[in-house]
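Examination of the molecular architecture
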Amino acid sequence: MQMKEELPANIKEQLQKFQRNTTAYTELIREGGYMAPNKEIIIDAVTALLLGKNILLKGPTGAGKTKFAETLSYLFQQPMFSINSSVDIDAESLLGFKTLTYEDEKQVIEFISGPVINAMEHGTFLYIDEINMAKPETLPIINGVLDYRRSITNPFTNEIVTASKGFNVIAAINEGYVGTVPLNEALKNRFIVIEIPYIQGEQLKQLIVQNTKLEDEKLVDLFVKLSSDLIEAVAQGKISEDTASIRALLDACDLSKHIPAKRAIQRAIADKLEEDREREFIMSLAETLFS
């Protein structure tokens, strides 16, 4: 991966020395593919993880936070369990649950480990997506996992679980979106924060070429310009932040391989918005660029 080659020699050396304690769950080593807007982002994140710190990826929706976490999994060759947060997430979703099973024809109660316990016991990464979507009373369950104790008393088994070497938590947060809540300060203080901005310019062009079916170079350049205009409009307060989602832009690029670009933009970007004013703004830009 090109990103690995661009890392400083001392960081690459540390990555090469990183050894896992187990060969379990190698299928959870992700493929990566994140394209960083600057090398400092990846250097800082890798450094924090090498030091045993937890990192919080902070940025707008569609900026590539999950892809960045997957790339860290690839760079470390480290499996990564995942949690998708929501208001419904509870202790069982995080830690696991009890179930009835049979052993030597006798019915017994068995505990099935959840992603937190699995990641701790096997010394892998744990990714918590949209961490501020969870109810404030749920996440303190794992406070002890995130600080120097690196342990938790499993309420379902009363066992103390201590994290194995290699265990780290990577979380992602979208601030200010519907359904999110401010992250508790005690929780936030357990993370190193890494800002993940939208990529632009040549890097975005390369991302489009590598990750979509769009081959027309002129159209690719126009989509790069569209993205730049959307990001500028967000900065000026004309449209909401999620309008400039790179994920949505890539969807529009894929569609434009088969249908007119303006209609692709309408389907992938404009029609997702609730306000008529924002939809009209997007389609006005599309009309100007793709006339």
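Predicted model, so just to flag it, every value in this text is computed and none were measured.

What about the domain arrangement of the protein?
If you check the domain split of the protein, you get domain 1 (1-195) and domain 2 (201-290). Put simply, the middle of domain 1 and the middle of domain 2, counted by C-alpha atoms, are 32 Å apart. Across the contact, eight residues belong to domain 1 and nine residues belong to domain 2. Of the roughly 770 Å² buried at the junction of domain 1 and domain 2 (both faces included), carbon and sulfur atoms supply 51%. In this structure, the connection of domain 1 to domain 2 is made through zero salt bridges. Run the count over domain 1 and domain 2 and you get three residue pairs in polar contact (both at pLDDT 80 or more). For the side of domain 1 that touches domain 2, the per-class residue count stands at five nonpolar, three polar and no charged.

Things to note about the nonpolar core
Within the largest apolar cluster, 61 residues are counted, with the highest numbers of intra-cluster contacts made by Phe68, Ile170, Ile208, Phe223 and Leu226. Examining the composition of this core, we find that eight residues originate from one element, helix H10 (residues 217-235), more than from any other. Both of domain 1 (1-195) and domain 2 (201-290) provide at least three residues apiece to this core. When residues no more than four places from it in sequence are discounted, the contact partners of Phe223 are Ile208, Leu214, Leu249, Ala252, Cys253, Ser256, Ala261, Ile265 and Phe290. Formed by 29 residues, the second largest nonpolar core is a distinct cluster that contains Ala119, Ile142, Val161 and Ala163.

Quick look at helix H4 (residues 65-76)
The terminal C-alpha atoms of H4, which comprises twelve residues, lie 17 Å apart, in line with the 16 Å expected from a rise of 1.5 Å per residue. In terms of burial, H4 is a largely internal element, nine of the twelve residues being buried. Inspection of H4 places Lys65, Phe68, Ala69, Glu70, Thr71, Leu72, Ser73, Leu75 and Phe76 among the buried residues, and these make up the whole buried set.

Thoughts on the sheet that holds strand S1 (residues 55-58)
In space, the five strands of this open sheet follow the order S2-S5-S8-S1-S9, with parallel pairing throughout. The sheet is open, and its two edges are formed by strand S2 (80-84) and strand S9 (192-195), each paired on a single side. Going from strand to strand, the sheet's axes swing by 20° on average, the running direction of each strand aside. Inspection of the sheet shows S1 paired to strand S8 (residues 168-173) by four bridges, in the parallel sense. Looking at S8, one finds that Leu56 is bridged to Ala171. Across the sheet, helix H3 (residues 39-50) touches S1, strand S5 (125-129), S8 and S9, and the angle it forms with S9 is around 160°. Packed on one face of the sheet, H4 meets S1, S2, S5, S8 and S9 and runs near 175° to S5.

Considering the packing of helix H11 (residues 246-255) against helix H12 (residues 261-268)
Axis angle and axis distance: for two packed helices, these are the angle between their axes and the distance between the axes, and together they describe the pair. Two elements in contact, H11 and H12, have axes whose closest approach is 8 Å; the angle formed by their N-to-C orientations is 140°. At the point where H11 passes H12, the crossing takes the right-handed sense. Contact residues: H11 offers Ala248, Asp251, Ala252 and Leu255, while H12 offers Ala264, Ile265, Arg267 and Ala268. Class assignment for the residues of the contact of H11 with H12 results in six nonpolar, no polar and two charged.

Digging into the pattern of salt bridges
Overall, the coordinates contain 14 salt bridges when judged by the stated rule. Asp147 serves as the salt-bridge partner of Arg149, at 2.6 Å between the closest nitrogen and oxygen. Residue class for Arg149 comes out partly exposed when judged on its relative accessible area of 44%. Asp271 is paired through a salt bridge with Arg267; the nearest N and O atoms lie 3.5 Å apart. Note on Asp271: relative accessible area 39%, which makes it partly exposed. Overall, Arg267 belongs to the partly exposed group, its relative accessible area being 46%. A single salt-bridge network, built from bridges that share partners, covers Asp147, Arg149 and Arg190.

About the criteria used
Residues numbered from 1 in each chain as written. Predicted model: local features only at pLDDT ≥ 70, side-chain atom pairs only at ≥ 80, totals over all residues. Heavy atoms only, no water. Domains from an automatic or database assignment. Contact = heavy atoms within 4.5 Å. Buried area = accessible area lost by both parts, 1.4 Å probe. Salt bridge = Lys/Arg side-chain N within 4 Å of Asp/Glu carboxyl O. Polar contact = N/O pair within 3.5 Å; in protein donor to acceptor, adjacent residues only side chain to side chain. Nonpolar A, V, L, I, M, F, W, Y, C, P; charged D, E, K, R; others polar. Core = buried A, V, L, I, M, F, W, Y, C linked by side-chain atoms within 4.5 Å. Buried < 20%, exposed > 50% of the residue type's maximum accessible area, 1.4 Å probe, protein only. Helix = DSSP H or I, 4+ residues; strand = E, 2+ residues; numbered from the N terminus. Expected span 1.5 Å × (residues − 1). Pairing = 2+ DSSP bridges. Axes fitted to C-alpha atoms, helices over the stretch in contact; angles between N-to-C directions. Left-handed = near helix turned anticlockwise from the far one by under 90°.

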